[in-house]
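Results of the structural survey
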Amino acid sequence: MITREKNRLKKIEITSPFWKQYRELIVDEVLPYQWEVMNDSADINITHEPGGNDEHQEHSHAIQNLEIAAGLKKGTHNGYTFQDTDVYKWLEAAAYSLRYQPNEELQTITDRLIDLIEEAQEEDGYLVTFFQIEAPERKFARLKQSHELYTMGHYMEAAVAYYDVTQNQKALSIAIKMADCLVEHFGHGADQIPGYDGHPEIELALARLYEATEKQAYLTLAEFFINERGQDDFFDRQIQKDGFERDLIDGMRNFPLSYYQAAEPVREQETAEGHAVRVVYLCTGMAQVARLTGDKSLLATCQRFWNNIVKQKMYITGGIGSTNIGEAFTGNYDLPNDTMYGETCASVGMAFFAQEMLKLETKGEYGDVLEKELFNGIISGISLDGTHFFYVNPLQADQEISSHNPSREHVLNKRAEWFGCACCPSNVARLIASVDRYIYTVKDETILSHQFISNMATFENGITIQQTSNYPWEGMVSYTIENNSAEAQQIGIRIPEWSQKKAQLLIDGVEKRLQVIDGFVYLEIPTGTTTLQLTLDMSVKKYQANEKVVYNFGKVAIQRGPLVYCVEETDQTTDVWKYTLTKEGQFRYAFEADLLGGVGAIYADAQLPETAHTDALYQEYRTPQFKETQVKLIPYYAWANRTSENMEVWINQQ
C-alpha cells in the first residue's frame, strides 16, 4: 500500500509572468499547431531527424496510423515504430493545460482522441500501430529496436495525467488494459518473455500507473524490467529468432549493448553510457521504484549515475549527450560545444530524474539541476512563437560550418517546424504544461520550496503559500504563508548554489542567520500568517570549466541567477569567436522589454584583435593588437529567435 504524506500539494496556480507566458503559449499556439501537424493538415517542412538517421516522411501520419489500426481507414503505417508517442505526449500536455486553462473545445478533441485510441487497442490490451498494421506476427519479437514498451509507456503516462485532470475513466482503463497485457506477457513464467525494451521508459510509466491504481503487479513488473537489463544475451537471442537482417530501424543493430543500458546489470554499472535519453528515463524509473520499494541498492545506483552525469558529463546549460552518433554520452569531461547533441528530450528527462531524486533525498543539488534544466536546457528547445523546435541544443553554432561539414550538420542555427522523429516538440510541451508539478516536494512531512516560480499553493495539512517574484530577472522572492493547522509546520527553502555566498532571508521583517543544510534552510512556521523575503544574489558571474574539459580551457561562461547567457552574432559587429572578455572588465545588466519578448541583456567589456586582412591561409605569427569594445549577451534559451546567425556560450577570457 502506498503511504501518503499528510501535507501533499492539493492545488496550485502559477502566477509567474515568465512561466504564465510559456504556459499560455502552449494553450494558444503549441497544442493547436501540433494537433494540425499530427493530423497532416499543417503546411510545413519536416526536417530530417538530425542524429544521422535517414528515415523521413513528408507528413506526421500519427493520427492516421491510429485510424488505420482502429479500422476506420485503410492504408499502410507511416513513420517510426514509435510514431504513436507523438500523440500520447501531446495528449499528456493537453491534459495538464486543461487543469490551468479549461477549454471545452480542446477537451472535446481529447475525449474523441481517447475514443480513437480505445478503438485502436486490441482486445488483449496491445497497442502499437506499426505492428498492428504492418507486422502483427512480430509483436514483442525484436525488443532491442521495436520501442513497443516505450510506446505503451508513453500512453500510460498520458492516461494517468488525463484521468487525474478530467476523471475520464476510459483513458485510465485503456492504460490498465495495456499494463495487464504486459504483465501477462513478461516475466519468467511459462510462455512469458524474459526481457525488456531497448528504450527504457516503461519503468517510469508503470511506477506512475502503480501510484494511480495501487495495483502491485505494475510496480513488480517495473522492478522486473530494471532487474533484467544486462543479465544475459536476450537481445541477441530475439534477433537470431526474428531474422538477423530484418531490422526495424536501420543502423540500430550496430550500436553496442551499452547504448541500450544492457551491457551489464544496472546495479553493477559505474557510469552513464549510451543514448542519453534512455539513460535518464531509466534513472527516473529506478528512482521511482527505489522510493516505492525502499530498495537501497537501487538508490545507490541512482546516486552513482547522478554523480557521473552532473559532475563529469553535463553541459553548463544542463544539456547532456556529447555526440550525435547515437545521441549519446561519451567519456568523462568530453564536452565539445560545436559537435555536441544536447537533445531537448534529454534535458526533459534530466528534469524528471532530478525531481525523483528530490523525493528520495533532501538535497539542494537536485533542485539546482532541475532549475538549470527548466530555465536553460528545456525552453531553448522551443521558439518564442511556439511553432519551431530544436532537437539539438549546441553551445556553439556556425551556420557556414554546419552547412558544409557533415559531422556538424546536426547543429542547426534555426529551429525546425517539425522533425521526422518528433519526440522533442511534444516532450517540451508536456514539461512546460506541467511545470507546476516541479515547484514543491513534500518529504518527511516537510514542504520543500525548491523552485522560484510565483504561485498560489494549497496543501492538505492547511498550509497555503503565496510565492511572488519577478524571477528570473529579479532575485527578491516573497512568501506569505498561512498555517491554518493547530501546530507548527516545517518549510524548507532551497538556497541555490550560485547564491549561497550571498543570500538574505527576512522572517516577518527580521533578518535570519542562514544555516544551509544540503542546500536548504529550514523554518518552523507557526499557526497564523508568516511572511518571508528571500533575496538572492543576482550579480553577473563568470564560470570556468574543469581543466579536463579541453574545449573550454581559457574560456568562461556567463550566468546571472539561473540563466546561462550566450553571444549571438546578430547583436555584435563581427564574428562571435573573436571577442575576448577583459581581465578587469565590468558587466552592465539591463532588462530590455522590446527584446525577445522581454529579456535581461548583459553588456560586457571586451577586446577585439586588430588584424591585417590577408588571403594567406597561414602566416608567421605577429603579436596582435587589441581595441577595446563591448559584447552583448542574451539568455541562452532565447537564441535563434531573430536570425539564423552564429552563437557561442563559452567566451575567450583575457
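Heads up: these notes are all about the structure in this document.

**Thoughts on the sheet that holds strand β3 (residues 440-443)**
- Read from one edge of the open sheet, four strands run β3-β4-β8-β11, paired in mixed fashion. Looking at strand neighbours, the two that pair on one side only are β3 and β11 (520-525), the edges of this open sheet. Direction aside, the axes of adjacent strands within the sheet are offset by 25° on average.
- Relative to strand β4 (residues 446-449), β3 is paired through four bridges, and the arrangement is antiparallel. The residue of β4 that forms the bridge with Val442 is Ile447.
- Its contacts with the sheet put helix α14 (residues 344-360) on β3 and β11, and the angle it makes with β3 is roughly 30°.

**Here's the deal with the side chain of Ser322**
- When you line up the elements, Ser322 lands in the loop between α13 (296-312) and α14.
- Residue classification places Ser322 among the buried positions, given a relative accessible area of 5%.
- Within the structure, Ser322 has its side chain in polar contact with the backbone oxygen of Asp334 (distance 2.8 Å).
- Excluding its chain neighbours within four sequence positions, the residues that come into contact with Ser322 are Tyr315, Ala328, Phe329, Thr330, Asp334, Leu335, Pro336, Thr339, Met340 and Tyr341.

**A word on a negative patch on the surface**
- A cluster of acidic residues, Glu24, Asp28, Glu29 and Asp385, forms a negative patch at the surface.
- Turning to its location among the elements, Asp28 is positioned in helix α1 (residues 17-38).

**Some details on the nonpolar core**
- Counting residues in hydrophobic clusters, the biggest one holds 216 residues, and the most contacted among them are Trp19, Tyr155, Met156, Phe186 and Val649.
- Setting aside residues up to four positions removed in sequence, Val649 forms contacts with Ile316, Leu395, Val556, Ala557, Val564, Tyr565, Cys566 and Tyr636.

**Some points on the packing of aromatic side chains**
- Within this structure, the stated rule accounts for 37 aromatic pairs.
- Seen from their ring centres, Trp19 and Tyr22 are 5.8 Å apart, and the 40° between their planes marks the pair as tilted. One end of the pair, Trp19, and the other, Tyr22, are both in helix α1, three residues apart, so they sit about a helical turn from each other.
- Grouping aromatic residues by their ring pairs yields a cluster made of Phe18, Trp19, Tyr22, Phe375, Phe452, Tyr471, Trp473, Phe591 and Tyr637.
- In this structure, Arg253 packs its charged tip against the face of Phe244, placed 4.2 Å from the ring centre.
- Geometry around Tyr589 places Arg560 over its ring, the cationic atom sitting 3.5 Å from the centre.

**With respect to the pairing of strand β9 (residues 503-507)**
- Across five bridges, β9 lies against strand β12 (residues 528-536) in antiparallel orientation. The residue bridging Gln504 from the neighbouring strand is Thr535, located in β12.
- With three bridges joining them, β9 and strand β10 (residues 510-512) adopt antiparallel strand pairing. Paired with Leu505 across the strands is Lys512, a residue of β10.
- The loop that links β9 with its antiparallel partner β10 comprises two residues; one of these, Asp508, has a positive phi angle of about 50°.

**Structural notes on the pattern of salt bridges**
- With the rule as written, the count across this model stands at 37 salt bridges.
- As a salt-bridge pair, Lys170 and Glu118 come within 3.4 Å of each other at their nearest N and O atoms. A residue pair is termed long-range when its members are at least 10 positions apart, and Lys170 in helix α8 (residues 169-185) and Glu118 in helix α4 (residues 104-120) qualify at 52 residues.
- Accessibility expressed as a relative area gives 30% for Lys170, which makes it partly exposed.
- Judged by its relative accessible area of 38%, Glu118 falls in the partly exposed class.
- Of the charged contacts in the structure, one is a salt bridge between Asp242 and Arg246, with a shortest N-O distance of 3.4 Å.
- We classify Asp242 as buried; its relative accessible area is 9%.
- Each of Arg138, Arg142, Asp242, Glu245, Arg246, Asp247 and Arg253 takes part in a single network of salt bridges with overlapping partners.

**Topic: helix α3 (residues 84-100)**
- When the terminal C-alpha atoms of α3 are compared, their 26 Å separation across 17 residues agrees well with the 24 Å that a helix rising 1.5 Å per residue should span.
- By the criterion of burial, α3 is predominantly enclosed, with 15 of the 17 residues buried.

**Here's the deal with the sheet that holds strand β7 (residues 476-483)**
- The seven strands are arranged β1-β5-β6-β7-β12-β9-β10 in an open sheet whose pairing can be described as antiparallel. Only two strands of the sheet have a single partner each, and these edge strands are β1 (9-14) and β10. Taking the axes of each pair of neighbouring strands and ignoring which way they run, one obtains an average angle of 20° across the sheet.
- In the sheet, β1 pairs with strand β5 (residues 455-459) via five bridges, with the strands oriented antiparallel. For Lys11, the partnering residue across the bridge sits in β5 and is Thr458.

**Points about unusual backbone geometry**
- Cis geometry marks the peptide bond from Tyr471 to Pro472; its omega dihedral reads 10°.
- Tracing the backbone shows Pro472 in the loop between β6 (463-468) and β7.
- Phi is positive for Asp508, close to 50°, though the residue is something other than glycine.
- By secondary structure assignment, the location of Asp508 is in the loop between β9 and β10.
- What makes Asp508 partly exposed here is its relative accessible area of 46%.

Criteria and cut-off values
Residues numbered from 1 in each chain as written. Predicted model: local features only at pLDDT ≥ 70, side-chain atom pairs only at ≥ 80, totals over all residues. Heavy atoms only, no water. Pairing = 2+ DSSP bridges. Helix = DSSP H or I, 4+ residues; strand = E, 2+ residues; numbered from the N terminus. Axes fitted to C-alpha atoms, helices over the stretch in contact; angles between N-to-C directions. Contact = heavy atoms within 4.5 Å. Buried < 20%, exposed > 50% of the residue type's maximum accessible area, 1.4 Å probe, protein only. Polar contact = N/O pair within 3.5 Å; in protein donor to acceptor, adjacent residues only side chain to side chain. Patch = residues over 30% accessible without salt bridge, like charges linked within 9 Å, V, L, I, M, F, W, Y side chains within 5 Å. Areas by Shrake-Rupley, 256 points an atom, 1.4 Å probe, with all protein chains shown as cover. Salt bridge = Lys/Arg side-chain N within 4 Å of Asp/Glu carboxyl O. Lys, Arg positive; Asp, Glu negative; His and termini not counted. Charge placed at Lys NZ, Arg CZ, Asp CG, Glu CD. Core = buried A, V, L, I, M, F, W, Y, C linked by side-chain atoms within 4.5 Å. Phe/Tyr/Trp six-rings, centres within 6.5 Å; stacked < 30°, edge-to-face > 60°. Lys NZ or Arg CZ within 6 Å of the ring centre and 35° of its normal. Expected span 1.5 Å × (residues − 1).

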